[in-house]
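# Architecture and fold: a report
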Amino acid sequence: MRFGRRFGLSSAPARAHARVRGDADIAVIGAGMAGASLAAELAPHASVILLEGETLPGYHATGRSAAFWSESYGGPHILPLTAASGPFLADPPAEFHDRSFLGPRGALSIADADGMAALEAFSADFAGLPIRLERVDRPALEARIAGIKPRWTAAMFEPDCSDIDVAALHGAYLKAFRRDSGILVANAEVEAIRRQDGGWRLETRAGDVRAGEPPTPRR
Ligand SMILES: Cc1cc2nc3c(=O)[nH]c(=O)nc-3n(C[C@H](O)[C@H](O)[C@H](O)COP(=O)(O)OP(=O)(O)OC[C@H]3O[C@@H](n4cnc5c(N)ncnc54)[C@H](O)[C@@H]3O)c2cc1C
């Protein structure tokens, strides 16, 4: 539901504005992967402003990710979340992006004699769970990694581990956000947040923003 609020600037949606003074149902702080995706999901349902402290979205962790999609990363308790993201990343809706965000990679966790117990524990942690993990012995390891030092004697191979096209994914979320009239403001580091009139007042380097106030009834 939109509450009909307006931003107080010359705002074609979809632009990163130099200065802002306005209000929104929801303010999201930070236009990295978390903020951009959250803002995009919220934008069809409310007026949303996305406040980024840097000159462009994507600095910091999002711009530095090694960009693996690995179901084993984080352990068996994180696996359901990673697995749930797989179909969307592999085959996103056409209106969101026209190709897969994932590319084939595969991952090997290798062990020497001292690491065998850890390798067994790694394997046991995921036993019976919906993840493909294949045991690799020394000859198979040599076939995969030419010249690997003799001390590495065994490995687990995770064939479904993939590269994530982070730039495309981040860009697709920002595009969807803009399509739903979301407002992105760069150079808008949030310096203070205060309660005001039942909502929030955010003081940014680009001006103040009000968010989350009770909606003004429509006439
Ligand atoms: C080296 C490295 C490798 C990684 N490898 C992987 C990987 O292989 N696979 C994987 O899934 N994940 C990986 N990650 C993790 C992944 O990149 C992060 O979990 C993800 O990008 C975090 O997104 P974020 O939006 O939370 O944070 P960020 O991308 O850091 O975004 C936060 C944003 O908030 C802005 N901000 C902060 N404070 C304010 C403020 N007060 N006002 C306004 N804006 C503000 C920042 O400028 C920034 O743009 C890796 C991370 C790193 C650093």
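Refer to the structure above for everything that follows.
What you see is a predicted model, and the numbers here were worked out from it, not measured in a lab. (Residues numbered from 1 in each chain as written. Predicted model: local features only at pLDDT ≥ 70, side-chain atom pairs only at ≥ 80, totals over all residues.)

## Thoughts on the overall build of the chain
Going by this rule: A run of DSSP states H or I qualifies as a helix once it reaches four residues; a run of E qualifies as a strand once it reaches two. Both are numbered from the N-terminal end. Working definition of burial: number of other C-beta atoms within 10 Å of the residue's own, with buried at 20 or more, exposed at 12 or fewer, and partly exposed in between, all C-beta atoms being placed from the backbone. The contact criterion used here is simple: two residues whose C-beta atoms, placed from the backbone, lie within 7 Å are in contact.
The number of helices and strands found in the chain is 6 helices and 13 strands. The buried share of the chain, reckoned over its 219 residues, is 26%. Long-range contacts, defined here as pairs at least 24 residues apart, represent 64% of the contacts in the chain between residues at least 6 apart.

## So, helix α1 (residues 33–42)
Note: α-helices contain 3.6 residues per turn, so residues at a spacing of three or four share the same orientation. Buried residues of α1: Met33, Gly35, Ala36, Ala39 and Ala40, and no others. Each element contacted by the buried residues of α1 is listed here: β2 (26–29), β3 (48–51), α2 (61–64) and α6 (166–179).

## Some thoughts on the environment of Leu50
With respect to the secondary-structure elements, Leu50 resides in strand β3. Sequence separation of Leu50 and Leu174 is 124 residues, and the distance between their C-alpha atoms is 9.8 Å. Contacts of Leu50, omitting those with residues within four sequence positions, involve Val28, Ala31, Gly35, Ala39, Phe177, Gly182, Ile183 and Leu184.

## Description of the sheet that holds β3
Our working definition: Strand pairing is assigned whenever DSSP identifies at least 2 bridges connecting the two strands. Structural elements are reduced to axes, namely lines fitted to C-alpha atoms, with helices fitted over the stretch in contact, and the angle between N-to-C directions of any two is expressed from 0 to 180 degrees.
Reading across from one edge, β2-β3-β10 is the order of the 3 strands in this open sheet, with parallel pairing throughout. Looking at the sheet topology across the chains shown, the edges are occupied by β2 and β10 (183–185). Shown here is a sheet whose adjacent strand axes are inclined to one another by a mean of 20°, direction ignored. Inspection of the sheet shows β3 paired to β10 by 3 bridges, in the parallel sense.

## Some thoughts on the site of the ligand
Condition: We call a residue near a molecule or strand if the C-beta atom, set from the backbone, is within 6 Å of it. Under the scheme applied, nonpolar residues are Ala, Val, Leu, Ile, Met, Phe, Trp, Tyr, Cys and Pro; charged residues are Asp, Glu, Lys and Arg; polar residues are all the others, including Gly.
Taken together, 22 residues are adjacent to the ligand, and Gly30, Gly32, His60, Thr62 and Ser65 come closest. Where the shell around the ligand is concerned, the elements lending two or more residues are α1 and α2. When its residues are assigned to classes, the shell around the ligand shows 11 nonpolar, 7 polar and 4 charged.

## Some details on the nonpolar core
For clarity, the threshold we go by: Each nonpolar core consists of buried Ala, Val, Leu, Ile, Met, Phe, Trp, Tyr and Cys residues. Their C-beta atoms, within 7 Å, join them into a set. Boundaries of every domain are those given by an automatic assignment or by a domain database.
Grouped together as the largest cluster of nonpolar side chains are 33 residues, with contacts concentrated most on Ile49, Leu50 and Phe177. Contributions of two or more residues to this core are made by β2, α1, β3, α6, β10 and β13 (207–211). Here this core takes 6 residues from α6, the largest share from any one element. Residues lining this core come from more than one domain, with at least three contributed by each of domain 1 (22–63 + 167–211) and domain 2 (68–164).

## Remarks on the sheet that holds strand β6 (residues 107–111)
Read across the sheet, 3 strands follow the order β6-β8-β7 without closing on themselves; strand pairing throughout is antiparallel. Looking at strand neighbours, the two that pair on one side only are β6 and β7 (134–137), the edges of this open sheet. With direction set aside, neighbouring strand axes in the sheet form an average angle of 25°. Where β6 meets strand β8 (residues 154–158), 5 bridges bridge the pair, whose relative direction is antiparallel. Along β8, the bridge assignment pairs Ile110 with Ala155.

## Remarks on the environment of Gly212
Assignment of secondary structure puts Gly212 in the segment after β13. With near-sequence residues (within four places) excluded, Gly212 lies in contact with Asp25, Ile26, Gly199 and Trp200.

## Quick word on the pairing of β8
Pairing between β7 and β8: 4 bridges, direction antiparallel. Residue pairing in the sheet places Val136 in a bridge with Ala155 of β8.

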